[in-house]
Structures are given as C-alpha cells and as structure tokens.
Amino acid sequence: MTPIKECLINKSTKINPIWLMRQAGRYLPEFREIRKSNPDFIKLCLNHTLAQEITLQPIKRFGFDAAIIFSDILMIPYGIGQNVEFKKNLGPTLGNIELKKLFNVSKNEFTENLSPIYKLLTNLKNCKEIENRDLIGFVGAPWTLLVYMINKISPKNGLQEDFFKDEILINEVLNLLDKFIKIHIENQINAGATIIQIFDSWAGLIQNDFDRFLYYPTLSLVNHVKKLGVPVICFPRGISDYSKFTKIVKPSMINIDYNVDPQKLIKSLDIPIQGGLDPKILLSNKENLKKQIKKYLEIFRDHPYVFNLGHGILPETEIDMVYELVEIVRNYK
Ligand code: 1CP
C-alpha cells in the first residue's frame, strides 16, 4: 500500500508521506527548458509524451510519494469549447461563453478533446517510477472554474464588477460544470488516477451563498468520486471555516492553506489532513524552513498527515531548498 493510502486509512506510516502542490512546474529548470520550445501551454498539456516527462521530473529528483499529472484545471473549459489561452506574464485569458455551443458538446466529444490527458494517465500507470506511489488526477472545483469562465482572466485583482449580473448564465454554467467535471473525474479514474484532488483555489472570494457556490457543488463531486471507489482530497483555499466545510462535504482528506492555524484546527477535525506550510517559507533560509516544517510535523504527530504546502510551490523557489525540505520531512521522527 502506498504511504498516502496508509495515511488515508489512519494507519501509522513508516515514512512521513510528502508531495507538493504544483511540484511539476516552473521552479524546475528541466521544466523551463521544455517550456521554452513549447510556447503554447494548452498544446503542451495535450502532448502526452512531454506531459509524462514533466509529471515524472519531480519524482525523479525528489522521490515524492505521489505524482500529480501535468495538466491544468482550465482544460475543462477548453474541453467544452471555451477558448483558453495563456499569455506570457498575463496568466490565462478565456474567450466569450456561447452557451448554446457549450450545451451541444457531448460526453464523447469532450472526452475526445481531452483524450491525451487520459492517455497520459494510462501510460504513467505502467511506469516504474509510479510503483508504490499514488497517481493524482485533479479538477478545479465548480466555483473556481466558474470564476475563470465568467471573469475570463485571473481574479487575483478581484472579480469583474458585473460578475454576478447574469443569474441565468451562472446557473447554466454551474450545471454544465457539474456534468463535465464528473466526466473528467470518471475518465481520469478509468485511466489510472488513484486519488482525485479538487482545487478550489478561489474559494476565499465567496462572500455569500456558500451553499450554492461552495458546499453543494463540491459535495456533489466528492460523492461522485467516492462512488467510484477512489479517495478525494479537497483544497478550499482561503475559506474561513474548514471545520464546517469538512463536516458538510466529507472529503477523504483536507488540504489546508497557510492561513489556517493548525493547532486550532486539529481539535475540530477528525479526517486526515494535508499541507499547510506557506510556500514563501521556501524563499527564506534553511534554518527557518526547518523550524516551520517541524511546527507542522509536531502538531500533526498523532494525526494522519501528508506533508504538503498551503498553496502551490512558487516559481522562484530554489531547488536546493526543496531538497532540504524533503530531507527534513523524511528524517523527522
Ligand atoms: O510555464 C507556465 O507559465 C505554465 C505555468 C503552469 C503550470 C506549470 C500553469 C498555468 N499550470 C501549470 C500546471 C498545473 N496547474 C498543475 C500541474 C501539476 C502540479 O501540480 O504540478 C496543476 C495541479 C495546476 C492547477 C491549477 N491551474 C490551479 C489550482 C492550483 C493552484 O495553484 O491554485 C489553478 C488556479 C490553475 C490556473 C493556472 N494555470 C496556470 C497558471 C499560471 C494559473 C494561475 C493563474 C492565476 O493566477 O489565476
């Protein structure tokens, strides 16, 4: 059994399990090298040979306990026919939504559009590097995908003023997302994903209607994954009440963000926990890194815990600090 699976069933693990969000990405020189000659990001995600190489890069270097496939949460809007582009220094830009067109996309067409992702999983499943490791498939949560689809650019500077103006559009897009996210989950599991992570990176932007935007849409996905017999990890970044979220949504494991006080949280959570460390700590120094890592490992000493970050690893992170992090986590007893 893999270390993460042991943790999920509450067994004590021989080693402290570890993987990092966004481990297959821009902080790795070997990734940047591939990226240089592949300026079209969507095309790169659909190149299963290169995507496989990128997925395995962090495994070969650091021996993490899980490989997360190199793909993107925005492959779903792409798969249902919304234009998605990644412009340098601008992040993603999405095209207008033509609801009629999106509603006409069939399950087969969507699956065909994203077929290289499933091929990637099928091929990875048989790689020797994946032996005794989990293969993580993922999706964006409905809210976070809704945000990108309607806002059309990253909401890092806030949502567009008229974001909520078209109620009908919002409801229709949420319905579409529930359908196609489930298909994408099912296809990834059929192709070999052993865990699904749901990224709700912009959950912190929700101010009202938590049932409509956060709890029920996520619960619907979590139940779907569980029905397919695979564990599901939720990452509702930036919400104020992880305890309430966990009670309603009941994921197999919860990934906490770096604003959560782990000491307080542990008292109110009885499911396995992942993550927490602020990725900015990796930009400081080794002494501070050790101190901060130990804080999490000590607090979660008697709680099923997978070491990870409180958000994705930053592109400017030095490789040396990642080696140090892995060593500290692996040697901690
Ligand atoms: O070279 C480049 O500029 C591409 C950078 C890049 C990479 C490496 C993007 C663009 N996506 C990815 C891969 C990616 N995205 C993975 C691969 C597997 C891994 O984790 O190693 C995953 C899981 C994602 C998920 C993702 N994409 C999220 C959720 C997690 C998070 O970090 O919050 C989000 C919000 C996205 C959208 C996205 N894709 C890329 C960028 C730069 C962004 C964020 C844009 C923004 O700031 O709004």
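As shown above, the structure is provided for reference.
So, here's what we can say about the structure. Worth saying up front: this structure is predicted, and the values here are computed from it rather than measured. (Residues numbered from 1 in each chain as written. Predicted model: local features only at pLDDT ≥ 70, side-chain atom pairs only at ≥ 80, totals over all residues. Heavy atoms only, no water.)

### What about the packing of helix α14 (residues 286-299) against helix α15 (residues 319-331)?
Between α14 and α15, the shortest axis-to-axis distance is 10 Å and the interhelical angle comes to 40°. Once α14 is placed against α15, the crossing between them reads as right-handed. For the pair α14 and α15, the contacting residues are Lys 286, Leu 289, Lys 290, Ile 293 and Leu 297 in the first and Asp 320, Met 321, Glu 324, Leu 325, Ile 328 and Val 329 in the second. (Axes fitted to C-alpha atoms, helices over the stretch in contact; angles between N-to-C directions. Helix = DSSP H or I, 4+ residues; strand = E, 2+ residues; numbered from the N terminus. Left-handed = near helix turned anticlockwise from the far one by under 90°. Contact = heavy atoms within 4.5 Å.)

### Some details on the layout of surface pockets
Of the voids in this model, the largest pocket is the one considered here, and its volume is about 1600 Å³. Considering each element in turn, the lining of the largest pocket owes the most residues, 4 residues, to helix α2 (residues 29-36). In the lining of the largest pocket, the residues fall into 24 nonpolar, 9 polar and 12 charged. Along its surface, the second largest pocket is lined by 20 residues, and Thr 13, Asn 16, Phe 300, Arg 301 and His 303 are the ones closest to its centre. Partitioning the lining of the second largest pocket into residue classes produces 9 nonpolar, 5 polar and 6 charged. (1 Å grid on protein atoms, 1.4 Å probe; cavity = no way out; pocket = protein on both sides within 12 Å on 5 of 7 lines; lining within 4 Å. Points joined across faces, edges and corners; volume = space filled by probe spheres on them. Nonpolar A, V, L, I, M, F, W, Y, C, P; charged D, E, K, R; others polar.)

### Here's the deal with the site of the ligand
For the ligand, the set of nearby residues contains 24 residues, the closest of which are Ala 24, Arg 35, Tyr 148, Ser 154 and Ser 201. Here an oxygen atom of the ligand and a backbone polar atom of Gln 23 are 3.1 Å apart. Contacts to the ligand include Ser 154, whose side-chain N or O atom sits 2.6 Å from an oxygen atom. When the ligand sits alone it has 890 Å² of accessible area, and the protein chains cover 90% of it. When atoms are counted within 2 Å of each cavity's grid points, the one that captures over half of the ligand is the largest pocket. When its residues are assigned to classes, the shell around the ligand shows 13 nonpolar, 6 polar and 5 charged. (Near = heavy atom within 4 Å. Polar contact = N/O pair within 3.5 Å; in protein donor to acceptor, adjacent residues only side chain to side chain. Areas by Shrake-Rupley, 256 points an atom, 1.4 Å probe, with all protein chains shown as cover. Sits in = over half its atoms within 2 Å of the grid points.)

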